Structure formats: structure tokens, C-alpha cells
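So you can see what is in the structure, the chains are spelled out below.
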Amino acid sequence: MFPTEMASFHRFLRFTFEVEYKFLEIITRLPFPRLLRLFFIFRGVVNFILDRDWRNLLQNHSVREKSANVLSHSKFGLLSITRFISYSLEEADVFCLRSGSLLKNELKVLQKQILDDLEGFPSGGGVLFSCHYGSFTLGILALSSLQRPVFVLGSNVVDSPLLPPSLQAFFHKKYEIMSEYLNGGRILFLEESKRSFFKLLINGSIGVVLADLIAGSHNSSIKLNLFGTTAKVQAGAALFAEKRNMPIGAFLCCRDFLGRPVLKSASLNNYSNDLSCHLQDLFEKILETGNFSPKHWLIADSFWHLSEGD
């Protein structure tokens, strides 16, 4: 495309997301969670066909193609379709908690699983790592069963002026709903509240960090292999926990073939080896259960430019 055509297309794409997220805010208030789930599955298929993801507004590559490259599968295959459906359902999950008991019952099951998996997790502060994977938001909410405030370290990218107002509002409403389940915790932005986040950990809160964010040139980093792709990821929270001998853990959450949420977590309380090895071991313990396929990794495309071992 010529620059003028590209600019016009970008404006059109931004407009479609503005309309879409206004519609989503309305439809997720309906008291029919099963029908809503079917709608969001259909939405995921449509977005797969159109190679459409709101992150296209922030970057200039094909999510469908780059995800397939990273995970070594066909960009038009079932695994690729599943990724788009998973992303669509993840965006629906928290909003559906407003409209019916189905998700609330699912959340109770996940909360019990967290208690079973993290039975030995100390009562003080600690850090739990996850990824932009499957139904990770439900996994975060399940941490409320630990009976401590849960603070999630996110990013203010959702306030980027490149995103339409309705999409920004969508995320802020999502964070508002999530906060109702976090025992007094909330979502904090890395760019604004990193020091506050660490202080809250010292005071006994649970911190949640997404481990699949590539480290920038000015970030501390550790190597981590996720679904066969090795990258230097941001390590500030992990290094902070290690320095203060805080417990760390990891969890993944996704929906199985029948649409049921599945969660697994693991933790450690003592550091004896390299921090990168510790974090890698936590995710390996989860992945060895065989319940967590790479097809649910929602931001695999952001790793497309990395070669093995970089």
C-alpha cells in the first residue's frame, strides 16, 4: 500500500474497533453466558479469517502469520483458529461475571485448584508469574482464594492514543470488574506504579506478573523458554523476589476442548540455583501435565523476530 492508502486503512481499522468494543460493552451485560460464549467463539473465527487483532493498531505485522511462524504451525490451520478464539473468550470472561452464575461457578473450581496447588505457599508476600495465555484473567481472579490482596502489574499501553476510546474504556471497565475479586488489590501500571507494586509485596500482598514480555535494552532480563521459543524477558519482579527471598510461583489457565477452564500452578520457597532455571522449572512443571498447548499463547507473534537462544 501507498502511505495515503495505509493511513486510510488504519483509520478504517480503528473505526471498526471503536464500533466493536462499544457493542461488546452492551452485549456482555446480557444474562445469557452460554449464548455469549458462542457469540465470542464466532467472533474469534471472524477475527481469524480477517487476521484482525486490536494490537494491529500498535504494530505493523500479521498476528496470524507471525504466531504461526513462532509456533511452527500452519497460519490457516486449526491451531491458528484456536488462538483467535482463545483471545476472544479471554476478553469475554470477566464481563460475563456480571451477567450470570456460570463463570462464577467456574471460578470457584479454579479457586479450589489454586488452594490445592499452592498449599505450601507462605502467608507473606510473594510473586506469581503467568503469561498472556488462554484464560489468564480467570487464573488471576482465582488467586483470591489465597486470602491476600492481589496486585497485578500491567501496562498503560491500553491508554495509547493509537487505540480508540471504546477500547480503552473496555480495558478500564475490565480492570474495575477484576478489582472486585482481588481482596482489595487492583491492576497497577508498570510505567507508573512499579515502586508501589514492590512496596505492596513487602507488606504481604501477592503480586502477579506476566512473564512473556520481552526485555528492552534498559530492562533487567533473564532467559526463559516458552513453548519452544527462548527469549530474554523482563525480570524486575523475579530479581526483587529473589533478593528478598520471597516465594515465587507460576500458573497457566486455559479452556479445554469442551470449554471448561483448566488451571495449574506451582511454587518454590527456596532459591538454590540460577533464577532463570527456577522460573523455567516452574513453567515446566505446569507444562508437563499436558493440558497447556501452545495454541493458547495469545502474544506469540511478539516473539517472531527472535531466533532460538536469543
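Since we're looking at a predicted model, the values are computed, not measured. (Residues numbered from 1 in each chain as written. Predicted model: local features only at pLDDT ≥ 70, side-chain atom pairs only at ≥ 80, totals over all residues. Heavy atoms only, no water.)

Student: Kindly report on the packing of helix H8 (residues 190–202) against helix H9 (residues 236–243), identifying the contributing residues and their values.
Tutor: At a minimum axis distance of 12 Å, the contact between H8 and H9 shows a crossing angle of 35°. Remark: the crossing between H8 and H9 carries right-handed chirality. Counting all contacts with H8, which are made through Phe198, Leu201 and Ile202, the residues of H9 involved are Gly236, Ala237 and Phe240. For the contact of H8 with H9, the per-class residue count stands at 5 nonpolar, 1 polar and no charged. (Axes fitted to C-alpha atoms, helices over the stretch in contact; angles between N-to-C directions. Helix = DSSP H or I, 4+ residues; strand = E, 2+ residues; numbered from the N terminus. Left-handed = near helix turned anticlockwise from the far one by under 90°. Contact = heavy atoms within 4.5 Å. Nonpolar A, V, L, I, M, F, W, Y, C, P; charged D, E, K, R; others polar.)

Student: I'd like a rundown of the nonpolar core, residues and numbers included.
Tutor: Nonpolar side chains in soluble globular proteins tend to be buried together. Residues Trp54, Leu128, Ile140 and Leu143 are the most contacted members of the largest nonpolar core, which totals 51 residues. The element contributing the most residues to this core is helix H4 (residues 78–96), with 7 residues. Leave out the neighbours within four places in its chain, and Leu128 touches Leu118, Phe121, Leu143, Leu146, Ile206, Gly207, Val208, Val209, Gly249, Ala250 and Phe251. By size, the runner-up hydrophobic cluster in this structure holds 43 residues, among which are Val70, Ile222, Tyr271 and Ala300. (Core = buried A, V, L, I, M, F, W, Y, C linked by side-chain atoms within 4.5 Å. Buried < 20%, exposed > 50% of the residue type's maximum accessible area, 1.4 Å probe, protein only.)

Student: I'd like to hear about helix H7 (residues 165–179), residue by residue, with values.
Tutor: Here H7 spans 21 Å end to end across 15 residues, near enough to the 21 Å set by a 1.5 Å rise per residue. Within H7, the full set of buried residues consists of Ser166, Leu167, Gln168, Phe170, Phe171, Lys174, Tyr175, Ile177 and Met178. (Expected span 1.5 Å × (residues − 1).)

Student: I'd like a rundown of the packing of aromatic side chains, residues and numbers included.
Tutor: A full pass over the atoms with the stated rule returns 16 aromatic pairs. Seen from their ring centres, Phe48 and Phe84 are 5.9 Å apart, and the 65° between their planes marks the pair as edge-to-face. One end of the pair, Phe48, is in helix H2 (residues 33–50); the other, Phe84, is in helix H4, with 36 residues separating them in the sequence. For the pair Phe48 and Phe84, a shared accessibility class is recorded, and that class is buried. In this structure an aromatic cluster arises from ring pairing among Phe17, Tyr21, Trp54, Phe95, Phe170, Phe171, Tyr175 and Phe189. Lying over the aromatic face of Phe48, Arg64 brings its terminal NZ or CZ to 5.8 Å of the ring centre. The ring of Trp304 has Lys66 lying over it, and the distance from NZ or CZ to the ring centre is 4.1 Å. (Phe/Tyr/Trp six-rings, centres within 6.5 Å; stacked < 30°, edge-to-face > 60°. Lys NZ or Arg CZ within 6 Å of the ring centre and 35° of its normal.)

Student: I'd like a rundown of unusual backbone geometry, residues and numbers included.
Tutor: Among all residues save glycine, negative phi is the norm, and among peptide bonds the norm is trans. A positive phi angle, near 55°, is found at Asp51, a position not held by glycine. One can find Asp51 in the loop between H2 and helix H3 (63–71). Since its relative accessible area comes to 16%, Asp51 is described here as buried. The phi torsion at Asn245 lies on the positive side, around 55°, for a residue other than glycine. Along the chain, Asn245 turns up in the loop between H9 and strand E7 (248–255). Look at Asn245 and you get partly exposed, because its relative accessible area is 48%.

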